[in-house]
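Summary of the model geometry
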Amino acid sequence: MPQHASPPASPYRLFDVALKDKTPLSAHLWRFTFEGPEVGQMATLAPDQRIKIFFPDPQGRPPAMAITPDWYARYKKQDVETRPPMRTYTIRALRAAAGEVDVDFVLHGETGPASTWATRAQPGERLQLMAPNAAFEGDGGGYEWKPPRGLQRLLLIADETALPAVAGILEELAALPAPPETQLFIEVPDQDDEIPLATWPGLAAEWMARNLGAPGALMIAAAQRAVVPSAARAAPALAEVDVDEGILWDVSAAGDAGFYGWVAGEAAAVLAIRRLLITERKVDKASLNLMGYWREGRVLD
Ligand SMILES: Cc1cc2nc3c(=O)[nH]c(=O)nc-3n(C[C@H](O)[C@H](O)[C@H](O)COP(=O)(O)OP(=O)(O)OC[C@H]3O[C@@H](n4cnc5c(N)ncnc54)[C@H](O)[C@@H]3O)c2cc1C
């Protein structure tokens, strides 16, 4: 009899989950703990590990896609108006042995399927997650936190949507024998959105409450005053990015140990920070990761 090898595991797979618990962390940030029979087979590779979450369809029916190898091709063939909406989130914590995964949601009002679901959700409600597959051998990607080994200085600029990733990054760094000198600028909706974060003597954290100000304005002002190294050479020309039509995702894993910057939040603000840091302040582009996590007034996913 010929031996048939089983097909190789894919880097990402679909998981059925149910909401176990939802807990407030701050005025706008809530922790959602999901449980599922196969969450033990989920993996997370970095503190900014991104996942896709599928929400109830416009009729309110929970997502129930069959977990088959071709599920994503089948999803894409469905009518955009009637299929379960998909949005991008971050794994805040995975307890694979307990079959639980935490995702921190910004509740920004009932304006999109994710925030609407999160505002109303009750324990027991079912969703589906596309997340890394522990059975995959290798690095399946889906994260951009790739600091150079022996990093000396770090700049983090983020808003509340990237706060879950930042909280995980700080936990990882605080556990190092010699964490880098770090400047953190974190913009949140209001003063009640400050949450406890891991810290160490070389971390300078600045919370910036926008109150009713424009999203991202405080992040841009922070990029102006951040202490950054200027490259000796001329700044490179930057490719145009239309943040209303596409996704701003300007990432690099090529920096050296001297300095590394990780910037994520409202896309037009991150675009302005990209120009400010690279063109005006001449920071080496190779040492920066710049990511648009959402775009004011638009739907990105
Ligand atoms: C890699 C990555 C990781 C992310 N991780 C997280 C995470 O862990 N937690 C989290 O909460 N978000 C996270 N986000 C952001 C999240 O995907 C977006 O905020 C998403 O738009 C929310 O979907 P929605 O259905 O609520 O709104 P959408 O349907 O996408 O948008 C509807 C309206 O709401 C506005 N809107 C969207 N998000 C916000 C917001 N935060 N504040 C105010 N207005 C908003 C839009 O501009 C639009 O006008 C992440 C994004 C990326 C790319």
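Cut-off values and rules
Residues numbered from 1 in each chain as written. Predicted model: local features only at pLDDT ≥ 70, side-chain atom pairs only at ≥ 80, totals over all residues. Heavy atoms only, no water. Core = buried A, V, L, I, M, F, W, Y, C linked by side-chain atoms within 4.5 Å. Buried < 20%, exposed > 50% of the residue type's maximum accessible area, 1.4 Å probe, protein only. Helix = DSSP H or I, 4+ residues; strand = E, 2+ residues; numbered from the N terminus. Salt bridge = Lys/Arg side-chain N within 4 Å of Asp/Glu carboxyl O. Expected span 1.5 Å × (residues − 1). Pairing = 2+ DSSP bridges. Contact = heavy atoms within 4.5 Å. Axes fitted to C-alpha atoms, helices over the stretch in contact; angles between N-to-C directions.

Core analysis: the largest hydrophobic core is formed by 24 residues, its most contacted members being Trp 145, Leu 154, Leu 156, Leu 170, Leu 184 and Trp 262. Elements that contribute at least two residues to this core include exactly strand S8 (153-159), helix H3 (163-174), strand S9 (181-188) and strand S12 (259-266). Grouped together as the second largest cluster of nonpolar side chains are 23 residues, Val 17, Phe 34, Ala 114 and Trp 117 included.

Turning next to the pattern of salt bridges. Considering all chains together, one arrives at 22 salt bridges under this definition. Measuring nitrogen to oxygen at the nearest pair gives 2.5 Å for the salt bridge that ties Glu 100 to Lys 20. Remark: Lys 20 occurs in strand S1 (residues 12-24) and Glu 100 occurs in strand S6 (residues 100-106); sequence separation between them is 80 residues. For Lys 20, a relative accessible area of 38% gives the class partly exposed.

Since the α-helix advances by 3.6 residues per turn, residues separated by three or four positions end up pointing in the same direction. For H3, built from 12 residues, the straight-helix expectation of 16 Å at 1.5 Å per residue is met to within 8% by its first-to-last C-alpha distance of 16 Å. H3 sits mainly inside the fold: nine of its 12 residues count as buried. Residues Leu 163, Pro 164, Ala 165, Val 166, Ala 167, Gly 168, Ile 169, Leu 170 and Leu 173 constitute the buried set of H3.

Ordered by their spatial adjacency, six strands build an open sheet running S10-S9-S8-S12-S13-S11, and the pairing between neighbours is mixed. At either end of the open sheet lies a strand with only one pairing partner, and these are strand S10 (203-209) and strand S11 (249-250). Taken together, the seven bridges between S8 and S9 define a ladder with parallel strand orientation. Bridge pairing in S9 links Asp 159 to Glu 187. Where H3 meets the sheet, it contacts S8, S9, S10, S12 and strand S13 (288-294), and its direction lies at approximately 155° from that of S8. Together, S8, S9, S10 and S12 form the strand contacts of helix H4 (residues 217-225), whose direction differs from that of S10 by roughly 145°.

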